[in-house]
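# Observations on the model geometry
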Amino acid sequence: MHRVGLLVCLCRARTRFQPGIFPAQSSTAALRDRAREPCGSSRGRTGPAGLREGGATAFAHSGPGPSRPPSRRAGPREERGGAGMAARCCQAGLSCGALLSQAVLSQAVLSRAAGGAPATPHWGRAAFSSAPAVSGREGPQPREGSVRRRGRTPQFVRSAAPPRTERMAVDQDWSSVYPTAAAFKPASVPLPIRMGYPVKRGVPPPKEGNLELIKIPNFLHLTPPAIKKHCAALKDFCTEWPSALDSDEKCEQHFPIEIETVDYVSSGTSIRNPKARVVTLRVKLSNLNLDDHAKKKFIKLVGERYCQKTDVLTITTDRCPLRRQNYDYGMHLLTVLYHESWKTEKWESEKSEEDMEEYIWENSRSQKNALDTLLRIKASENVSNVTEEELLASEVVKNYRNSVTALKNEGETESNMSQYKESVKKLLNIQA
Amino acid sequence: QLDRGCALHTAARGGLSSVSSQDVPAQRPRAIFHTSESDPAKHTEQHEGRLYNIPLEEVKAVFPHGLPHRFQQQIQTFNEARVMVRKPALEILAYLKGSNFAHPAVRYVIYGERGTGKTMTLCHVVHYCSRQGWLVLHVPDAHLWVKNCKELFQSSYNKDRLDQPLQASVWLKNFKTSNERFLQEIKTQKKYMWGKRESTEEGRPLREVVEQGLARVRSASDAVGVVLREIKQQSHRGSFRLLVAVDGVNALWGRTTLSKEDKSPVSPEELTLVHNLRKMVTNDWNGGAIVTTLSQTGSLFKPSSAYTPQELLGKEGFDALDPFVPIPVPNYSPREFESCYGYYLERKWLQHEKAHTEDGKAELQFLSGSNPRQLDRLAGPL
């Protein structure tokens, strides 16, 4: 917008010096200059101001006959007025009181930008023909002079082309609207989306001319029907699924290890992609033959690669340059882990309480406390010859053991706490 | 008409309680939410939800340091101490009444979310025990011993430990106020040397040890240790019952914010007071009970959402206290809420005209979530 402002200033300056004598060429040249900057880079992918500018200049340019010499005829005031206002609106970014409705303008602009036929070539012609006329005598005015024109209603009102969304059937073929990855086109997407930071006490801005929606990547080209078509096209290159493997359980039973690799295609001269060498190996530990110690050691060895909830080990290898090498390495890792977890090293006997994965009540502080307390209770009642084994085997101690284990392993819930309370009351023989 | 917005001083509020142009329709008879039974021993389920009165002299004698600060302010304002009888307290009282004092002391841990009335429950139990003639060892807030200590001295008794003279002397003073007669009766069983010159002979009343601790502030922590040791050893004889009431017991096994002179952090067991108190809370003695409270409010390095025993005690604390009887304290039940609300109305604490309506009551209940502390804070400015 500062570009426009700058030119506005320049034009204003010129006006002061030479009112009324304003070379048409320079103005159209100015228009053309401005056209070159946004227009070349942003056909169909421009921001609102850029769109309007590009569009306007597109009009000015690609209306019928850019070669048509700018005539200095003072066209009918209405024509000049209307087109001039349009041009001004375009150039000044609608800062003037919108004599032409923005919708009309933007639709015309956008339909141009979208590559559709200009809604009214008449409009384009009129714009072009009158633009120099406008610039002829009132050159600077298009940019600054909306103030003077505001009172007059345009006698030339072009009807805006309705957006394409209104002509879309509900059951249309969407993959023809967005066959490939493309920018968000508000007139082509029949959804009432709003995006952006809302104005104070307002709503987020609508989709028309919304840069935020255009900037972000969208997946409008990857709807399920489109993907279905992709799959149908790829089917010719695939073999049939074996009929014996018709359920997930059978697949897992016969093929417990899942290998995941990704192939990449891109338009370019090279078929290589370094990301294609990554291999992911997934296997459920329940399919491996591991005993209790081996499973705990296995989980400790793999660390974060194991998910408790789903019991799935995921190994991702990408350290070798080729996919086959990575696959071999992954299988080697799995083999080594399996064999190592079955071995027991000497230092494993030094495993302490902090290393334990879950709480084990036997030989814990809690067991010691409970036994001490019980022994003291028995001593106070003068009941002797009660051995620890007897105490451990008694019902109350078993109950207590279960409640403490649940409390430590599962965390503290209402039910766990009340269970613990009951078991302690029974253990210590507390009566209400 | 008193302005809703003006913040009245509590004393002024008490004085102006009669000035209310609103005709306060608090015609509820006092019997509904008050009970005249002021002996906790006789409280039963039918007293549940009601408030009972503790005479002010008894408050001074029994609770020199135990009550929550806001409750103390309320006592000053209303000129009476009314404590609500609630289920958790009744439960503990029932256990205490039925407990066998030949067995090792049972530990009860009161836990609950913030502001649900754990300290008040503990005070109720302490009142019961003092009425019954027990020796009450009330530590009002164990967190005070592990933070904000200006003076830390190396203990003369054990080089590794640190003394806290100020905290120890404050506690000894309050302990003396609440247990005068016991200190006279209990005799020491050993000779204790305080430094090179002073000593307490065997067979002297424990009172002398306390006096020594108060006089010589440097040896106050050791005096506390001696007192605790003596009481513990003698409790099994049966001449008195001992109640160990500790508020904020999770402080004993957490971290401290204290540091030694070389800026290294102090762990709780290096503090004499904490070390001795930990010994009291173990169940290797009999002839009494241990009632403790978990408190997040003064705790160090614990998230504010933690309230369950494992979260606040940590592994070490849980193992030390295990097996204990956990007593959860919930928010007010509807009946208890009614009774508290009725009490505030009756004492003209709720001055706002809308507070008297049913809508106002529902609003108070909603805003406070039936949480006693929230209700107290909300009712303050009203």
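Sequence order as written defines the numbering, with residues in each chain counted from 1. Working convention: letters from A go to chains and numbers from 1 go to ligands, in the order in which they are written. In view of the model being predicted, local features appear only for residues whose pLDDT reaches at least 70, and side-chain atom pairs are presented and counted only at 80 or more, with totals across whole chains, interfaces and linings using the full set of residues. Hydrogens and water molecules were not included; the side-chain quantities draw on all heavy atoms of the structure.

What counts is decided by this rule: UniProt positions are given in the numbering used here, feature names are shortened, and annotations may be inferred rather than shown by experiment.
An unreviewed UniProt entry lists chain B under the name Small ribosomal subunit protein mS29, from Vidua macroura. In its Sequence similarities (unreviewed entry) section, UniProt records this for chain B: "Belongs to the mitochondrion-specific ribosomal protein mS29 family." Turning to chain B, the UniProt annotation filed under Subcellular location (unreviewed entry) states: "Mitochondrion".

## Quick word on the interface of chain B and chain A
Under the convention used in this document: It only takes one pair of heavy atoms within 4.5 Å for two residues to be counted as in contact. Take the accessible area each of two parts loses on contact, using a 1.4 Å probe, and add the two losses: that sum is the buried area. For the purposes of these results, a polar contact is taken to be a pair of N or O atoms within 3.5 Å, where, inside protein, one atom must be able to donate a hydrogen and its partner to accept one; residues adjacent in sequence count only when each atom of the pair is a side-chain atom. Helix numbers and strand numbers start at the N terminus; a helix is a DSSP run of H or I with at least 4 residues, a strand a run of E with at least 2. Charged residues are taken to be Asp, Glu, Lys and Arg, nonpolar residues to be Ala, Val, Leu, Ile, Met, Phe, Trp, Tyr, Cys and Pro, and polar residues to be all remaining types, Gly included.
In this complex, chain B contributes 26 residues to the contact, which on the side of chain A involves 24 residues. Contact with chain A buries area across many residues of chain B, yet Tyr95, His103 and Pro323 of chain B alone supply 24% of it, more than any other trio. Our enumeration of links across chain B and chain A arrives at 16 residue pairs in polar contact (both at pLDDT 80 or more). Counting residues per element, the ones that place at least two in the side of chain B that touches chain A are α4 (87-97), β4 (106-111), α11 (309-321) and β12 (325-328) of chain B. Here the side of chain B that touches chain A takes seven residues from α11 of chain B, the largest share from any one element. Of the residues contributing to the side of chain B that touches chain A, the split by class is 15 nonpolar, five polar and six charged.

## Let's talk about the packing of aromatic side chains
Inclusion rule: Any pair of Phe, Tyr and Trp rings, taking the six-membered ring for Trp, is counted once the centres come within 6.5 Å. Such a pair is stacked with planes under 30 degrees apart, edge-to-face with planes over 60 apart, and tilted for the rest. Three labels apply to residues, based on accessible area from a 1.4 Å probe with only protein chains included: buried if under 20% of the type maximum, exposed if over 50%, partly exposed otherwise in between. Definition used: whenever NZ (Lys) or CZ (Arg) falls within 6 Å of the ring centre and also within 35 degrees of the ring normal, the charge is taken to sit over that ring.
Tallied over the entire structure, the rule returns 16 aromatic pairs over all chains. Geometrically, the ring pair formed by Phe78 of chain B and Trp349 of chain B is edge-to-face, given 5.4 Å between the ring centres and 85° between the ring planes. With a gap of 271 residues between them, Phe78 of chain B in helix α3 (residues 69-78) and Trp349 of chain B in the loop between α12 (334-346) and α13 (358-368) connect regions that are remote in the sequence. On the basis of relative accessibility, which here comes to 11%, the residue Trp349 of chain B falls in the buried class. Ring-pair connections join several aromatic residues into one group, and the members of that group are Trp361, Tyr400 and Tyr420 of chain A together with Phe318 and Phe324 of chain B. A cation sits over an aromatic face here: Arg181 of chain B above Phe182 of chain B, 4.2 Å from the ring centre. The residue whose ring lies beneath Arg218 of chain B is Phe153 of chain B, and the NZ or CZ to ring-centre distance is 4.1 Å.

## Thoughts on the pairing of strand β4 (residues 312-317) of chain A
Residue and element names in this part refer to chain A. Short version of the rule: Strand pairing requires that DSSP identify at least two bridges connecting the strands.
Pairing geometry for strand β2 (residues 279-284) and β4, over six bridges, is antiparallel. Bridging from a neighbouring strand, Lys284 pairs with Val312 of β4. Examined bridge by bridge, strand β3 (residues 306-307) and β4 share two bridges and lie antiparallel to one another. Bridge pairing in β4 places Tyr306 opposite Leu313. Counting the residues in the hairpin turn of β3 and β4 gives four residues, including Asp311, whose phi is positive at 60°.

## Side note on the packing of helix α9 (residues 220-235) of chain B against helix α10 (residues 272-281) of chain B
Residue and element names in this part refer to chain B. Short version of the rule: Only the stretch in contact is used when fitting a helix axis, every axis being a line fitted to C-alpha atoms; angles between N-to-C directions are given from 0 to 180 degrees. Between 65 and 115 degrees an angle is taken as roughly perpendicular, under 35 as roughly parallel, over 145 as roughly antiparallel, and anywhere else as oblique.
Contact pair α9 / α10: the axes reach a minimum separation of 9 Å and the direction vectors enclose 10°. Our classification of the angle between α9 and α10 gives roughly parallel. Of the residues in α10, those in contact with Ser221, Asp222, Val224, Gly225, Leu228 and Lys232 of α9 are Thr272, Leu273, Asn276, Leu277, Lys279 and Met280. Grouping the constituent residues of the contact of α9 with α10 by class yields five nonpolar, four polar and three charged.

## A few points about the sheet that holds β4 of chain A
One open sheet accounts for four strands, arranged β1-β2-β4-β3 (chain A); its pairing is antiparallel. The open sheet terminates on both sides in strands that have one partner only, identified here as β1 (258-261) and β3 of chain A.

## Section: the packing of α4 of chain B against helix α5 (residues 118-131) of chain B
Residues and elements named next belong to chain B. The condition is simple: The hand of a helix crossing depends on one turn: near helix anticlockwise from the far one by less than a right angle means left-handed, and clockwise means right-handed.
Direction vectors running N to C along α4 and α5 enclose 35°, while the axes themselves pass 9 Å from each other. As for the relative orientation of α4 and α5, their crossing is right-handed in sense. On the side of α4, the interface is formed by Pro88, Ala89, Ile92, Leu93, Leu96 and Lys97, while α5 contributes Thr121, His124, Val125, Tyr128 and Cys129. A per-class count over the contact of α4 with α5 returns eight nonpolar, two polar and one charged.

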